[in-house]
Amino acid sequence: MRQLSLIAALLLAATPLAAADDGHHHLTEADGLRVVHAWTPATSGPEALIYMEIENGSDAAVTLTGAETADGQRAELVGFTYTDGTEAWQVLPEMPLAAGQHLDLLPRTLALRLTGLATPLTKGDKIDLELSFSDQHLYVHVAVEDAGGTGHSHAGHTH
Amino acid sequence: MDSPLDFWAGLPAVVQDAATVVLLLLPGLVTGVLVLRGFAPGRLVRAMLRRFSVVNAVFVGLIAVSVAIGIGLTAQERGLRQGSARAAAAFDLILAAPGSEITLMFAAVYLQPSDVPLLTSAQYAEVAADPDVAFAAPIAFGDTYLGAPVVGTTAEFVTHLAGPLLEGQMFTTASEAVAGAFVPIATGETFSPAHGHGPAAEEDAHHGAAYTVTGRMAPTGSPWDRAILVPVEGVWEVHGLANGHAPSAGNRIGPPFDAAYFPGTPAILVRADALWGNYALQSRYTRADMMAFFPGTVLAQLHGLMRDIREAMSLMAVVTQVLVTVSILAGLMILTRIFARGLALLRAIGAGRRFVFAVVWSYSATLIAAGSVIGLALGWLAAIGFSRVITARTDVLVTATVSWTEVQLVAGFVSLTLLLALLPALAATRRPLLTDLRS
Amino acid sequence: MRPTRVRDAAGHTGLGLSVAGLEIRAPDGRPLVSVGALLVPAGSSVAIRGPSGAGKSTLLHALSGLVQPATGRIFWGDTDISRLSDAARTRFRRDHVGLIFQDFLLFEELGGLDNAALAASFAPAARRMDLRQRADAWLERLGLGQIGLRRVDSFSGGERQRIAVARAMSNDPAVILADEPTASLDRASANRLIDDLAALPQEAGRTLIAVTHDPALVARLDRVLTMAEGRIVEDSHG
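Residues numbered from 1 in each chain as written. Chains lettered and ligands numbered in written order. Predicted model: local features only at pLDDT ≥ 70, side-chain atom pairs only at ≥ 80, totals over all residues. Heavy atoms only, no water.

A.B. asks: Please provide a residue-by-residue account of the interface of chain B and chain C, values included.
C.D. replies: The partner chain C presents 24 residues to the 25 residues of chain B that form the contact. When residues of chain B are sorted by the area they lose upon contact with chain C, R43(B), L345(B) and I349(B) head the list and together hold 25% of the total. Between the two partners, chain B and chain C, sit five salt bridges. With a closest N to O distance of 3.2 Å, D86(C) and R353(B) form a salt bridge. Of all the secondary-structure elements, those providing two or more residues to the side of chain B that touches chain C are α3 (42-51), α11 (340-348), α12 (353-394) and α15 (433-438) of chain B. In terms of residues, the side of chain B that touches chain C owes the most to one element, α11(B), which gives six residues. Of the residues contributing to the side of chain B that touches chain C, the split by class is 14 nonpolar, four polar and seven charged. (Contact = heavy atoms within 4.5 Å. Buried area = accessible area lost by both parts, 1.4 Å probe. Salt bridge = Lys/Arg side-chain N within 4 Å of Asp/Glu carboxyl O. Helix = DSSP H or I, 4+ residues; strand = E, 2+ residues; numbered from the N terminus. Nonpolar A, V, L, I, M, F, W, Y, C, P; charged D, E, K, R; others polar.)

Following this line, the structure appears as structure tokens:
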């Protein structure tokens, strides 16, 4: 029991560098912040929209400001607009998330937008993404799904 | 700006569009320049056009109709998409009891009759008190007056939807109303609403209850132009419910409402001031006992579905256009036989094969160009006509215009068919000269 | 390529014809016309007559380059048109030959002047104005100056054939080849046309060869060739 606590303490101390991972690569949790079902449709162009579910289980408010891939590409938070029948995404510099709140990044609603992809994403690929929440960072694995997909292949499971 | 692609991406959209039209027309234009170089076949072509004016008119008409179908289809689809999106523009975020987003969008945004469960007073109170919510208006639909929806809401919503009133004053008591721009009811008139809608509306259900119209909204290009807006308190009172305020509050209307006297509402329009606000609220109120959705998102999904259908229809329209053109070119091959003697005469008096080729090609090109230009105009007229019909039926203001997309479609069609027109021209030069001369 | 023209005292130009060993066959190999030798000096006029099927029109088509002979030579000046490509023969007709047909072959939808100046639509741009002016002048001379813009379908047969003559003359040809030019006309119109045709060789040194049954036309030309069964059986000077 003492040993387990020690491991837990070490793990907590090591966050965010080694956030807890469920082994399925679709749940990441650190300091009460929880991200599940991060996914993106396969792309052919240089742009990818990444979706996920974020829960702030901590007792403090956090602010999502964006993300970065393992190779240093910035991803910005964007919100969907539909003006005059034309689909567009507007950049949201920040998104506060109060304690106990959840935020769903969904197609045609809210997303993290990665621009300047060197190679297209194909189904089955994984992207390592570092989310920036105020002074915290959370690492997530983003699953690449079908180009016309509407959700994470594990969505609907409970974690 | 170093690669041609960057240069292209840096050009203004209108320059890109115009350049695309030119690029699409280029094969046809280059063909024309090459074929006609050094010749002046205009008079002969006019003679050929006059010779079979009826047949030529039929050919031009067929090309025009097939082009118009393609144009009308795409222009109409875009007009409908833009019109329905504009009609929903004022509806940032809608909260309702869990159910179908599409049903609720049609009911709350486009005022299509629908029975939906209500949000409770506790839910409304929670939303109204949310510090991120700048504005929360109940939208209580269900009653009608002579077919016009009578919707209960707040004065703030009326201004949010249509801006300053066109005439008269905002409602200030539960028995006053503001009419949509095109509702056939005059300011000062009094009416009694019916419960429900259509033939099932119970005209006498609200017997005795009456509203007086005090003002009229500016047009919004949406079904709200044919709706009558009343204070939500009025709707509740008409249904014999508490009116959202404690009896001690007297006759006051508008927010804040007293949760203890709030009977419920089918939908709440919510908006936040912060850029991120609406998105945060959407996540926040998407939960087991409530749903929150952006009408823009639902519309975009519906339109995405429509786009697939449109693309299939556009493809069929293009195939039809090409088939019509191929049959017309086949017809031209037959028609050039009737010209064969004249063409043989030209050769006899010293015209080269290339000139005969140029005459026949110019003749076909004139029919194609005339048909395409008339088709563009017809398509535009058809789109305007359909738009009027749709606007009249749905009250969603649809304005169909011919855009670069349609012009580009026609430019591509013209180029392709001008190239195809080389075939009958070639056939005309391969005919036996002496036989034709003697025929 | 441009044939040497014979220039007479008045400065008029024409092309002489020299035919040798000419054989024209039908596509099935059947002989149609056979002419051992024929010389027509520049500036002279020749009538070709004979029963129908004698090969008169076929000979005329060969002289204009519309029919390619199986063997033999057809020289106009120093140009052997039997050795020219189809395109070169077409250019030769454009530059040196005026053709007149029995049934005029006019474009009904065009005006008189546009028919007469038809060659302007395919002539090199530099010559177009000349062609139209010459066509106009010929219409004037043939008595149609005031009605050049009228549509052809309003003209009588005689007027039509005069428009066709103006068309044949619009390129200032050295050679005029006419196939039964009076056969579709009433007597009065035919006589008027004969006057016009007969004047052509005399005044400008042009060479005129006309296939005709019309004794009135035959009588006005310098020389008469009679054909039978594809051969010239009689050659007499008028």
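A.B. asks: Which residues make up the pattern of salt bridges, and what values go with them?
C.D. replies: All names here are of chain C. According to the stated counting rule, one finds 30 salt bridges over all chains in the structure shown. In this structure, D235 and R223 form a salt bridge, with 2.8 Å as the shortest nitrogen-oxygen distance. Of this pair, D235 sits in strand β12 (residues 231-237) while R223 sits in strand β11 (residues 223-228), and the two are 12 residues apart along the sequence. The class of D235 is partly exposed, set by a relative accessible area of 41%. Using a relative accessible area of 10% as the deciding quantity, one classes R223 as buried. (Buried < 20%, exposed > 50% of the residue type's maximum accessible area, 1.4 Å probe, protein only.)

A.B. asks: Break down the interface of chain B and chain A for me, with residues and values.
C.D. replies: For interface size, the figure often reported is the accessible area lost on association. Taken residue by residue, the interface counts 21 residues in chain B and 22 residues in chain A. Three residues, W276(B), Y279(B) and S283(B), lead the burial of chain B against chain A; their summed loss comes to 35% of the area buried on that side. Summed over the shared surface of chain B and chain A, the number is one salt bridge. Between D84(A) and R86(B) there is a salt bridge whose closest N-O contact spans 2.8 Å. Here chain B and chain A share nine residue pairs in polar contact (both at pLDDT 80 or more) between them. Of all elements in the fold, only α4 (53-87), α9 (277-284) and α10 (295-338) of chain B reach the threshold of two or more residues within the side of chain B that touches chain A. Broken down by element, the side of chain B that touches chain A gets its largest block of residues, eight residues, from α10(B). (Polar contact = N/O pair within 3.5 Å; in protein donor to acceptor, adjacent residues only side chain to side chain.)

A.B. asks: Break down the pairing of strand β5 (residues 176-179) of chain B for me, with residues and values.
C.D. replies: Residues and elements named next belong to chain B. Of the two faces of β5, the one carrying E176 and V178 and the one carrying A177 and A179 are both buried. Relative to strand β8 (residues 211-216), β5 runs parallel, the two sharing four bridges. Looking at the pairing, A177 lines up with V213 of β8. Sheet analysis places β5 next to strand β9 (residues 228-231), joined by two bridges and oriented antiparallel. Each residue of the ladder has a partner; that of V178, found in β9, is L229. (Pairing = 2+ DSSP bridges.)

A.B. asks: Describe the sheet that holds strand β10 (residues 207-211) of chain C, listing the residues and the values that go with them.
C.D. replies: All names here are of chain C. Taken in spatial order, the six strands of this open sheet run β8-β9-β10-β5-β11-β12, and their pairing is mixed. The sheet terminates laterally at β8 (97-100) and β12, the two strands that pair on one side only. For this sheet, the mean inter-axis angle between neighbouring strands, taken without regard to orientation, is 15 degrees. Of the pairings in the sheet, the one linking strand β5 (residues 45-49) to β10 comprises four bridges and is parallel in character. Bridge assignment links V46 to a residue of β10, and that residue is I209. Across the face of the sheet, helix α1 (residues 56-64) comes into contact with β5, β8, β9 (175-179), β10 and β11 while running at roughly 155 degrees to β9. (Axes fitted to C-alpha atoms, helices over the stretch in contact; angles between N-to-C directions.)

A.B. asks: If you had to explain the sheet that holds strand β7 (residues 79-80) of chain C to someone new, which residues and values would you point to?
C.D. replies: Across a sheet, strands are paired by hydrogen bonds formed along the backbone, either parallel or antiparallel in direction. All names here are of chain C. Strand order across the open sheet formed by four strands is β4-β3-β6-β7, with antiparallel pairing between neighbours. The open sheet has two edge strands with one neighbour each: β4 (31-40) and β7. Pairing analysis gives eight bridges linking strand β3 (residues 17-25) to β4, with the strands arranged antiparallel. Residue I24 lies in a different strand from β4, and its bridge partner there is V33. The sheet strands contacting α1 are β3, β4 and β6 (71-76), and the helix crosses β3 at an angle near 120 degrees.

A.B. asks: Describe in detail a nonpolar patch on the surface, supporting the description with residues and values.
C.D. replies: All names here are of chain B. A contiguous nonpolar patch, built from W8, V22, L23, L26, L29, V30 and L34 and spanning about 630 Å² of accessible area, is present on the exposed surface. Examining the composition of the nonpolar patch, we find that six residues originate from one element, helix α2 (residues 13-36), more than from any other. Tracing the backbone through its elements, the reader meets L29 in helix α2. (Patch = residues over 30% accessible without salt bridge, like charges linked within 9 Å, V, L, I, M, F, W, Y side chains within 5 Å. Areas by Shrake-Rupley, 256 points an atom, 1.4 Å probe, with all protein chains shown as cover.)

A.B. asks: Go over the domain arrangement of chain B with me, naming the residues and quoting the values.
C.D. replies: Residue and element names in this part refer to chain B. Structurally, chain B comprises domain 1 (13-86 + 302-438) and domain 2 (93-293). Facing six residues of domain 1, the contacting portion of domain 2 comprises eight residues. Here domain 1 and domain 2 share an interface that buries about 590 Å² over both sides, 58% of which is from carbon and sulfur atoms. In this structure, R226 engages D395 in a salt bridge whose closest nitrogen and oxygen atoms are separated by 2.7 Å. Applying the counting criterion to the domain 1 and domain 2 interface returns three residue pairs in polar contact (both at pLDDT 80 or more). (Domains from an automatic or database assignment.)

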